[in-house]
Amino acid sequence: MDQLALKAIECIAGQSRAPYHSITLDRLTPIIGAEVGGIDLSQPLSEEQLTEVRRAFLENHVLVFRDQHLTVEQHKAFGRLFGELRSLPVEDIDGDDPELVVIRASAQSRFVAGETWHTDGTADLEPSMGSMLYVKETPAIGTGGDTLFANMHLALEMLSPAMQQFLGELTAIHDGEIPWKGFQPPANLPRTEHPVVVRHPETGRKTLFVNSGFTSHIVQLSGGESQTLLNMLFDLIAREPILSCRVRWAPNTLVFWDNRCTQHHAVWDYFPHSRYGERVTILGKQPKA
Ligand code: SIN
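Structure report, in brief. Per-chain numbering applies: the sequence of each chain, read as written, is numbered from 1 onward. Local features in a predicted model are, by the rule used here, given only for residues with pLDDT of at least 70; side-chain atom pairs are given and counted only at 80 or more, and totals for whole chains, interfaces and linings are based on all residues. With hydrogens and water set aside, each side-chain value is computed from the structure's full complement of heavy atoms.

**Description of the sheet that holds strand β5 (residues 130–137)**
Logical step 1: Spatially, β1-β2-β3-β13-β5-β15-β4 is the arrangement adopted by the 7 strands of the open sheet, whose pairing is mixed. One side of each edge strand has no neighbouring strand; the edge strands of this open sheet are β1 (24–27) and β4 (101–105). With strand direction ignored, the average angle separating the axes of adjacent strands in the sheet is 20 degrees.
Logical step 2: Pairing between β4 and strand β15 (residues 275–282): 5 bridges, direction antiparallel. Bridge pairing in β15 places isoleucine 103 opposite glycine 277.
Logical step 3: Helix-sheet contacts for helix α2 (residues 47–60) involve β1, β2 (34–37), β3 (62–65) and β13 (253–258), and the interaxial angle to β3 is about 130 degrees. We treat two strands as partners when DSSP finds at least two bridges between them. In this text, helices come from DSSP runs of H or I with a minimum length of four residues, and strands from runs of E with a minimum of two, each type numbered from the N-terminal end. Only the stretch in contact is used when a helix axis is fitted, and all axes are lines through C-alpha atoms; the angle between N-to-C directions ranges over 0 to 180 degrees. Contacts between residues were defined by any pair of non-hydrogen atoms, one from each residue, lying within 4.5 Å.

Here is the structure:
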């Protein structure tokens, strides 16, 4: 690894963090992800718990809550503590609840949601701030169906200052049709131009904001240049293990991730077994450079 990358990692991993009092926190890696304990999400949170969960979210970007027994309403109520929930058009939902995205895989599945590195909904003008996936059923083989999460602050900071500056001058198109390749896409999918480098709206920290799930091209470059540059960035995320953590699900695990500074990748290594979860998505704001 080169010196720049080492410096970026040292900077993140060495950050001193205040202790928690109303929750427990066990980091998955020094870079991204933490398991939060001592909290029952089916009950109203105390003010201190909510403040500490918010801080843990901003510090770790992905929070894992184990052994939670939640109704749909309790799941949604936890989501609403962080913002308004995204409501999908009725024709796009699997089930009858516009705020609930069903994540389901079985022996009949020919693809699964999120089986590539991506950030949820970046083709929207105002992409989501976060997603909460509550997994109820994991593969009966007892393993498989993990999700990888990668830190996009560090992905940016590992690049040379010259590359960071260049990326900072660019914008990219995010196209809602990309995940539908090979299928008939629904009408009126969003297509939006966002800066390639944006600032996290709460921490102000810069983050790389392109992903292979939705980003089609960089506006200011030729087709070939754009593809080469995007491939370089997508490869960095796929091949650099330091950027990511791996969440192993058990039934009744809820994971809350920050779509403003992470990407994730669902691993479909359990066919023909089943996996079932329900996701709510919290609305966000238009990303700004
Ligand atoms: C997704 O939201 O992309 C699905 C993640 C997963 O199934 O683990």
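**What about the packing of aromatic side chains?**
Logical step 1: Side-chain rings of Phe, Tyr and Trp, where Trp is taken by its six-membered ring, are said to pair if the distance between their centres is within 6.5 Å; with planes under 30 degrees apart they count as stacked, over 60 as edge-to-face, and otherwise as tilted. For the structure on display, the rule yields 9 aromatic pairs.
Logical step 2: Ring centres 4.7 Å apart and planes at 55 degrees place the aromatic pair phenylalanine 82 and phenylalanine 256 in the tilted group. Of this pair, phenylalanine 82 sits in the loop between α3 (72–80) and β4 while phenylalanine 256 sits in strand β13, placing them 174 residues apart in sequence.
Logical step 3: Ring geometry for phenylalanine 149 and tryptophan 257: centres 5.2 Å apart, planes at 50 degrees, overall tilted. Separated by 108 residues along the polypeptide, phenylalanine 149 in strand β6 (residues 147–151) and tryptophan 257 in strand β13 bring together distant segments of the chain.

**Some remarks on the environment of aspartate 120**
Logical step 1: Its place among the elements puts aspartate 120 in the loop between β4 and β5.
Logical step 2: Separated by 144 residues in sequence, aspartate 120 and histidine 264 place their C-alpha atoms 8.6 Å apart.
Logical step 3: Once residues within four sequence positions are removed from consideration, aspartate 120 is found in contact with Ser128, Ser131, Phe214, Trp257, Asn259, His264 and Arg279.

**Observations concerning a nonpolar patch on the surface**
Logical step 1: Patch construction takes residues with relative accessible area above 30% that form no salt bridge. Like charges are linked within 9 Å, and nonpolar side chains (Val, Leu, Ile, Met, Phe, Trp, Tyr) are linked within 5 Å. Reported accessibility uses the Shrake-Rupley method at a 1.4 Å probe radius. Residues are deemed covered only where the shown protein chains occlude them. Each reported salt bridge corresponds to a side-chain nitrogen of Lys or Arg within 4 Å of a carboxyl oxygen of Asp or Glu. Side chains of Phe111, Trp180 and Phe183 sit close together on the surface and give an oily, nonpolar patch of about 330 Å² of accessible area.
Logical step 2: Along the chain, tryptophan 180 turns up in the loop between β7 (171–175) and β8 (191–195).

**Here's the deal with the pattern of salt bridges**
Logical step 1: All chains considered together, the criterion is met by 14 salt bridges.
Logical step 2: Measuring nitrogen to oxygen at the nearest pair gives 2.8 Å for the salt bridge that ties arginine 260 to aspartate 258.
Logical step 3: When accessible area is computed with a 1.4 Å probe and restricted to protein chains, residues below 20% of their type maximum are described as buried, those above 50% as exposed, and intermediate ones as partly exposed. Exposure remark for arginine 260: the relative accessible area of 12% places this residue in the buried category.
Logical step 4: Linked through salt bridges whose partners overlap, the residues forming this network are Glu73, Lys76, Arg80, Asp97 and Glu99.

**Focus: the site of the ligand**
Logical step 1: Near the ligand the following residues occur: Ile103, Gly114, His118, Asp120, Leu133, Thr147, Trp257, His264, Ala266, Arg275 and Arg279.
Logical step 2: In protein, a polar contact requires one atom able to donate a hydrogen and another able to accept it; more generally it is a pair of N or O atoms within 3.5 Å, and residues adjacent in sequence count only if both atoms are side-chain atoms. Between the ligand and histidine 118 there is a distance of 2.9 Å, counted from an oxygen atom to a side-chain nitrogen or oxygen.
Logical step 3: Within the contact set of the ligand, an oxygen atom lies 3.0 Å away from a side-chain nitrogen or oxygen of histidine 264.
Logical step 4: Relative to its free-state accessible area of 260 Å², the ligand is covered by the protein chains to the extent of 98%.
Logical step 5: Where the shell around the ligand is concerned, the elements lending two or more residues are β14 (262–266) and β15. Nearness here has a simple test: a residue counts as near a molecule or strand if at least one of its heavy atoms is within 4 Å of that partner.

**Quick word on the nonpolar core**
Logical step 1: Take the buried Ala, Val, Leu, Ile, Met, Phe, Trp, Tyr and Cys residues and link them wherever side-chain atoms come within 4.5 Å; each set so joined is a nonpolar core. Counting 45 residues, the largest nonpolar core has Leu167 and Leu208 as its most contacted members.
Logical step 2: Looking at this core element by element, the count peaks at 6 residues for helix α6 (residues 223–239).
Logical step 3: Residues within four places of leucine 167 in sequence aside, it is in contact with Leu156, Leu159, Val196, Val197, Leu208, Leu229 and Leu233.
Logical step 4: Of all hydrophobic cores here, the second largest spans 25 residues; its members include Ile23, Met132, Phe256 and Val280.

**As for the sheet that holds strand β12 (residues 244–247)**
Logical step 1: Across the sheet, 3 strands lie side by side as β12-β6-β14; this open sheet has antiparallel pairing. Looking at strand neighbours, the two that pair on one side only are β12 and β14, the edges of this open sheet. Direction aside, neighbouring strands of the sheet carry axes that sit 20 degrees apart on average.
Logical step 2: Sheet analysis places β6 next to β12, joined by 4 bridges and oriented antiparallel. Its bridge partner being in β12, leucine 148 is matched across the sheet by arginine 246.

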